[in-house]
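# Chains, contacts and geometry: an overview
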There are 2 protein chains.
Amino acid sequence: MAPHGDKSDAADETMVAEAEKRPISTILIVMAMQSEALPVVSKLNLSEDLQSLFPKGVPWVRYRGFYKDLNINLVWPGKDSSLGVDCVGTVPASLVTYASIQALQPDLIINAGTAGGFKAKGACIGDAYVASEVAFCDRRIPIPVFDLYGLGLRQAFSTPNLQKELNLKVGKLSTSDSLHMSTQDEASMVANDAVVKDMEAAAVAYVADLLKVPSVFLKVVIDIKDGEETTAEESSQSFAALERAVTQVIDFINGKSLSDL
Amino acid sequence: MAPHGDKSDAADETMVAEAEKRPISTILIVMAMQSEALPVVSKLNLSEDLQSLFPKGVPWVRYRGFYKDLNINLVWPGKDSSLGVDCVGTVPASLVTYASIQALQPDLIINAGTAGGFKAKGACIGDAYVASEVAFCDRRIPIPVFDLYGLGLRQAFSTPNLQKELNLKVGKLSTSDSLHMSTQDEASMVANDAVVKDMEAAAVAYVADLLKVPSVFLKVVIDIKDGEETTAEESSQSFAALERAVTQVIDFINGKSLSDL
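Scoring rules and cut-offs
Residues numbered from 1 in each chain as written. Chains lettered and ligands numbered in written order. Predicted model: local features only at pLDDT ≥ 70, side-chain atom pairs only at ≥ 80, totals over all residues. Heavy atoms only, no water. Helix = DSSP H or I, 4+ residues; strand = E, 2+ residues; numbered from the N terminus. Rg over C-alpha atoms; globule rule 2.2 N^0.38 Å. Buried < 20%, exposed > 50% of the residue type's maximum accessible area, 1.4 Å probe, protein only. Contact = heavy atoms within 4.5 Å. Lys, Arg positive; Asp, Glu negative; His and termini not counted. Charge placed at Lys NZ, Arg CZ, Asp CG, Glu CD. Pairing = 2+ DSSP bridges. Core = buried A, V, L, I, M, F, W, Y, C linked by side-chain atoms within 4.5 Å. Buried area = accessible area lost by both parts, 1.4 Å probe. Salt bridge = Lys/Arg side-chain N within 4 Å of Asp/Glu carboxyl O. Polar contact = N/O pair within 3.5 Å; in protein donor to acceptor, adjacent residues only side chain to side chain.

The next subject is the overall build of chain A. Secondary structure summary: chain A contains eight helices and 10 strands in total. Its C-alpha atoms give chain A a radius of gyration of 18 Å, within 12% of the compact-globule value 18 Å for 261 residues. The principal-axis extent of the C-alpha atoms belonging to chain A is close to 55 × 50 × 40 Å. Across the 261 residues of chain A, 56% fall into the buried class. Put simply, of all contacts in chain A between residues at least 6 apart along the chain, 74% involve residues at least 24 apart. The averaged location of the 34 negative side-chain charges in chain A is 3 Å from the averaged location of its 23 positive side-chain charges.

The structure is reproduced here in structure tokens:
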């Protein structure tokens, strides 16, 4: 069956190359917290989709709207139905990303949110980073090859023009399901050469890679992992900076193809 | 809208009560590794579903077949397409569980697999445990309420008759994405009072709870976390013990309703 496989692979590659030249149309923005999502929803004038795409019972929320020439869909995993807090972390992020890709077939995923930054690597509160690559820092499986699987390193979609035009910082991103790092997580992040740390990106990247959707990771530093605690004012400024960064990225994308990014 | 909500809740409860009295028909067995799945596939005479239920590109595998009066579906997340190792851990388990529930609408989920056990809590290699409750031990979010969300404690479906009839051990189960425990994971497991530790159950429980599917967790101890290393022979015996335990549970379930378990 090799010749058939080769033909099919070649056809797939041709389709991907053609898709990269078409103007981007449908965008899926994946966020983890309501406080991150709402400023963007307001700025882009999106409306909540009350006829949910998602199964009965799940708390996942989708906002939608047309902004310039783009069909924008912003999803977040909603509030935990028992506890009332945002469903942060890798499992809800992977599920809502999967279900949204299936329903919407987006051209591009933007996983946007706040993150911790490392001052030793040059990160300051309010900085907007585009991740060059993402990895997990809390999946330690010390068996050959499984160790690499646990790390789950994935390249983000390459966006040299976007980074240059918007003057965004670029760095490596590590993901864990814990807000506070264990000694082992910290060692893994140092090994990953991570500049920023979040709680979802590597899972979103895993799903996007499975389903072959290009994805970019836009993270605004809200606290410094190797420095002093963030003040309430700094937190508030970081959410505003996130909204501005997402809007700038969307404005840049409008009218462009994937290969223009 | 409260009266409508109340009516709808009452109707839901009536449906659940009726469902609990009907004979169980469709079973979804979720496993994480090929070496766990294949002995069960062989014993229950299941066949691989070549017209996959799942989207193109995902490595997830489904085996299906009728066994006695039961429609059995065994799924596992397959092999990582780049690295070739089993897709263990919470993210692939949650995705394949979600997609399988959507496609199959099972009456019951059995998450079965091997696990680590704590000798200090009475676990021995080869012991088959049914989890009373499951929780994460590697999601530390030290903010009030988010800490409980991170823990993600969920009760398993109650199966007193099954436990008694098959003489299964019962204990609490902790899940993490790491094979080897950090000091913090260990402290969390002690706080959880965990007897067994796996890499998927709390994520399967999360998805099953979201979509309201009763779920049980059957784990056979393959290594002792607070003792000596497992030999190759002990590993092999544990996979055989897992197959026997799954078959016994399926035989017990056949012809019964959820409320008989």
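Residues and elements named next belong to chain A. Looking at the element boundaries, Ile-110 is found in strand β5 (residues 108-117). In sequence terms Ile-110 and Lys-212 are 102 residues apart; their C-alpha atoms lie 14 Å from each other. Leaving out residues up to four positions away in the same chain, Ile-110 has contacts with Ile-27, Leu-28, Ile-29, Val-30, Val-216, Leu-218, Val-249, Ile-250 and Ile-253.

Residues and elements named next belong to chain A. When you tally the buried positions in strand β4 (residues 70-76), you get seven out of seven residues, the bulk of the element. Every second residue of β4 is oriented toward a common face, with Leu-70, Ile-72, Leu-74 and Trp-76 on one face and Asn-71, Asn-73 and Val-75 on the other, all of them buried. As paired strands, strand β1 (residues 26-30) and β4 are joined by five bridges and run parallel to one another. In the sheet register, Ile-29 faces β4, and the bridge partner there is Leu-74. In this structure, strand β3 (residues 61-67) lies alongside β4, joined through seven bridges in antiparallel fashion. Along β4, the bridge assignment pairs Arg-62 with Val-75. In textbook terms, the turn of a hairpin is the stretch between consecutive antiparallel strands, and for β3 and β4 this stretch comprises two residues, one of which, Lys-68, has a positive phi near 55°.

Glancing now at the nonpolar core. Within the largest apolar cluster, 92 residues are counted, with the highest numbers of intra-cluster contacts made by Trp-60, Leu-95 and Phe-217 of chain A together with Trp-60, Leu-95 and Phe-217 of chain B. In this view, Phe-217 of chain A contacts Asn-111, Tyr-129, Val-130, Ala-131, Val-134, Ala-156, Leu-173, Ala-201, Val-204 and Ala-205 of chain A; residues no more than four positions away in its chain are not counted.

All names here are of chain B. Of note, Leu-83 is situated in the loop between β4 (70-76) and α3 (90-104). Taking relative accessible area as the criterion, Leu-83 reaches 32% and is therefore assigned partly exposed. Along the chain, Leu-83 and Arg-140 lie 57 residues apart, while their C-alpha atoms are 29 Å from each other.

So, on to the interface of chain A and chain B. On the side of chain B, 47 residues touch chain A, which itself brings 47 residues to the contact. Roughly 4,000 Å² is buried in total at the junction of chain A and chain B, and carbon and sulfur atoms are behind 66% of that figure. Salt-bridge contacts for Arg-154 of chain B lead to Asp-80 of chain A; the nearest nitrogen and oxygen are separated by 4.0 Å. Put simply, chain A and chain B have 10 residue pairs in polar contact (both at pLDDT 80 or more) between them. Residue assignment for the side of chain A that touches chain B shows that the elements contributing at least two residues are α3 (90-104), α4 (146-151), α6 (183-192) and α7 (201-210) of chain A. Considering every element that reaches the side of chain A that touches chain B, the biggest residue donor is α3 of chain A, with eight residues.

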